[in-house]
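# Results of the structural survey
Chain by chain, the residues:
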Amino acid sequence: MSPSARREWLAPVLLLSLSVVPVLAGALRLTELAGGAPIEPENARFFAAPGPVVVHIVTASFYCLVGALQFAPSLRRRRPGWHRTAGLLLIPCGLAAALSGLWMTVSYPQPPGDGVLLTGFRLLFGSAMVGSIVLGFAAVRRRDIARHRAWMTRGYAIGLGAGTQVLTLGPWIVAFGQTSELSRALLMLAGWLINLAVAEHVIRRHKSRRTAHRATGAPAAGRAEVAAPGR
């Protein structure tokens with residue numbers, strides 16, 4: 001693989017790496033539900049109403065893993081049909097993941113260690129993920145590829161929050177032990193904010209490149225390579 005190809009695949013590989021822990025945790029949860037694991041306070045709500053958590057795990061796993069490949073420019077260029085087809089599948093999966101997460105937040109009993117603040121954060125970012133995906137789809141229907149890319153990037157950043165939260169919660173637990181309701185809420189908030197900060201950096205970098213290409217009269221890099229869902 002050439003150096004340029006390695007650079008292009010760096011972002012998807014990093015995103016896939018962030019997805020590994022939450023995807024494996026979700027698979028373990030599904031195994032528990034299917035195998036009839038002992039019911040404890042931490043999982044009783046899932047056994048009482050397994051449907052929403054199954055939908056959430058399956059759709060969120062697909063959204064994170066397949067969504068990471070949408071950030072590979074060479075894949076978009078060489079297989080635009082794949083990009084469109086994957087996008088059409090990712091939109092309903094992302095919405096199902098976010099909406100099922102919101103449903104669980106308001107309907108399931110509050111798990112031990114959570115609190116009102118974390119519940120508020122989950123409702124905020126779950127709603128923001130839904131809004132981002134809807135706005136991204138609306139933009140591509142108008143053939144506004146730049147806004148489509150920006151909103152879908154924000155939606156994916158929120159959806160991948162569970163991966164980054166492993167990195168914010170893990171070191172705290174190793175250093176200080178179990179979290180309090182406040183520290184847990186703030187550490188999970190940090191995961192979402194880190195992802196959104198990176199997303200905004202990527203969006204602004206693409207915008208700067210488009211502006212520079214227009215100023216020099218060169219073709220806009222990536223304009224022809226983006227085959228958005230619904231196009």
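Going by the structure above, here's the rest.
Heads up: these notes are all about the structure in this document.

About the thresholds
- Residues numbered from 1 in each chain as written.
- Predicted model: local features only at pLDDT ≥ 70, side-chain atom pairs only at ≥ 80, totals over all residues.
- Heavy atoms only, no water.
- Helix = DSSP H or I, 4+ residues; strand = E, 2+ residues; numbered from the N terminus.
- Buried < 20%, exposed > 50% of the residue type's maximum accessible area, 1.4 Å probe, protein only.
- Contact = heavy atoms within 4.5 Å.
- Areas by Shrake-Rupley, 256 points an atom, 1.4 Å probe, with all protein chains shown as cover.
- Core = buried A, V, L, I, M, F, W, Y, C linked by side-chain atoms within 4.5 Å.
- Axes fitted to C-alpha atoms, helices over the stretch in contact; angles between N-to-C directions.
- Parallel < 35°, antiparallel > 145°, perpendicular 65-115°, else oblique.
- Left-handed = near helix turned anticlockwise from the far one by under 90°.
- Nonpolar A, V, L, I, M, F, W, Y, C, P; charged D, E, K, R; others polar.
- Expected span 1.5 Å × (residues − 1).
- Salt bridge = Lys/Arg side-chain N within 4 Å of Asp/Glu carboxyl O.
- Phe/Tyr/Trp six-rings, centres within 6.5 Å; stacked < 30°, edge-to-face > 60°.
- Lys NZ or Arg CZ within 6 Å of the ring centre and 35° of its normal.

Secondary structure assignment for the protein chain yields nine helices and zero strands. Going from the N terminus to the C terminus, the protein chain shows its helices and strands as α-α-α-α-α-α-α-α-α. In the protein chain, which comprises 231 residues, the share counted as buried stands at 40%. Contacts in the protein chain between residues at least 24 apart in sequence constitute 72% of all its contacts with a sequence separation of at least 6. Total accessible area on the protein chain stands at roughly 12,400 Å², and carbon and sulfur atoms take up 68% of it.

Within the element layout of this structure, Phe121 appears in helix H6 (residues 116-141). By relative accessible area, Phe121 is classed as buried at 15%. Note: C-alpha distance between Phe121 and Ala185 (64 residues apart in sequence) is 7.7 Å. Apart from residues no more than four positions distant in its own chain, Phe121 is found in contact with Ala185, Leu189 and Trp192.

Turning our eyes to something else, we now look at the nonpolar core. One broad rule of soluble globular proteins: the nonpolar side chains tend to lie buried together. Residues Tyr63, Phe121, Phe125, Met129, Ile133, Tyr156 and Trp192 are the most contacted members of the largest nonpolar core, which totals 26 residues. Elements with a contribution of two residues or more to this core: helix H3 (50-69), helix H5 (80-107), H6, helix H7 (145-159) and helix H9 (181-216). Residues contacting Trp192, with those up to four places away along its chain left out, are Phe121, Arg122, Phe125, Ile158, Gly161 and Gln165. Membership of the second largest hydrophobic core comes to six residues, among which are Val53, Ile57, Met104 and Tyr108.

So, about the packing of H5 against H6. Closest axis-to-axis distance for the H5/H6 pair is 9 Å, and the angle between their directions is 160°. When the axes of H5 and H6 are compared, the pair comes out roughly antiparallel. Two packed elements cross with a definite hand, and for H5 against H6 that hand is left-handed. Judged by residue contacts, Ile91, Gly94, Leu95, Ala98, Leu99, Leu102, Thr105 and Val106 of H5 engage Thr119, Arg122, Leu123, Gly126, Ser127, Met129, Val130, Ile133, Val134 and Phe137 from H6. Classifying every residue of the contact of H5 with H6 gives twelve nonpolar, five polar and one charged.

A separate point is H6. For H6, which comprises 26 residues, the first-to-last C-alpha distance of 38 Å matches the rise-based estimate of 38 Å (1.5 Å per residue) to within 8%. Residue Arg143 follows H6 closely and has a positive phi angle near 65°.

Our next topic: the pattern of salt bridges. By the definition in use, this model includes five salt bridges. Put simply, Arg122 and Asp114 hold a salt bridge, and the shortest N to O gap is 2.5 Å. Under the relative-accessibility criterion, Arg122 is labelled partly exposed at 26%. Its salt-bridge partner being Arg154, residue Glu200 comes within 2.5 Å of it at the nearest N-O pair. Within this pair, whereas Glu200 is found in helix H9, its partner Arg154 is found in helix H7, the two being separated by 46 residues in sequence. When salt bridges that share partners are traced, they join Asp114, Arg122 and Arg184 into one network.

To continue, consider H3. Relative to the 28 Å expected for 20 residues at 1.5 Å per residue, H3 spans 29 Å between its end C-alpha atoms, a close match to the ideal helical length. Those residues of H3 lying buried are Pro52, Val53, Ile57, Thr59, Ser61, Tyr63, Cys64, Val66, Gly67 and Ala68.

Let's shift gears to unusual backbone geometry. In the Ramachandran plot, Arg143 falls in the positive-phi region, its phi being about 65° despite a non-glycine side chain. With respect to the secondary-structure elements, Arg143 resides in the loop between H6 and H7.

Summed over all chains, the structure comprises six aromatic pairs. Their ring planes at 15° and their centres at 4.7 Å tell us that Phe125 and Trp192 sit as a pair that is stacked. Pair noted here: Phe125 is in helix H6 and Trp192 is in helix H9, with a separation of 67 residues, a long-range link. The buried category is assigned to Phe125, whose relative accessible area is 7%. Judged by relative accessible area, which is 9%, Trp192 ranks as buried. An aromatic cluster is built from Phe46, Trp103 and Tyr108, whose rings are joined through pairwise contacts. Residue placement shows Arg154 over the ring face of Trp151; its charged tip is 4.5 Å from the ring centre.

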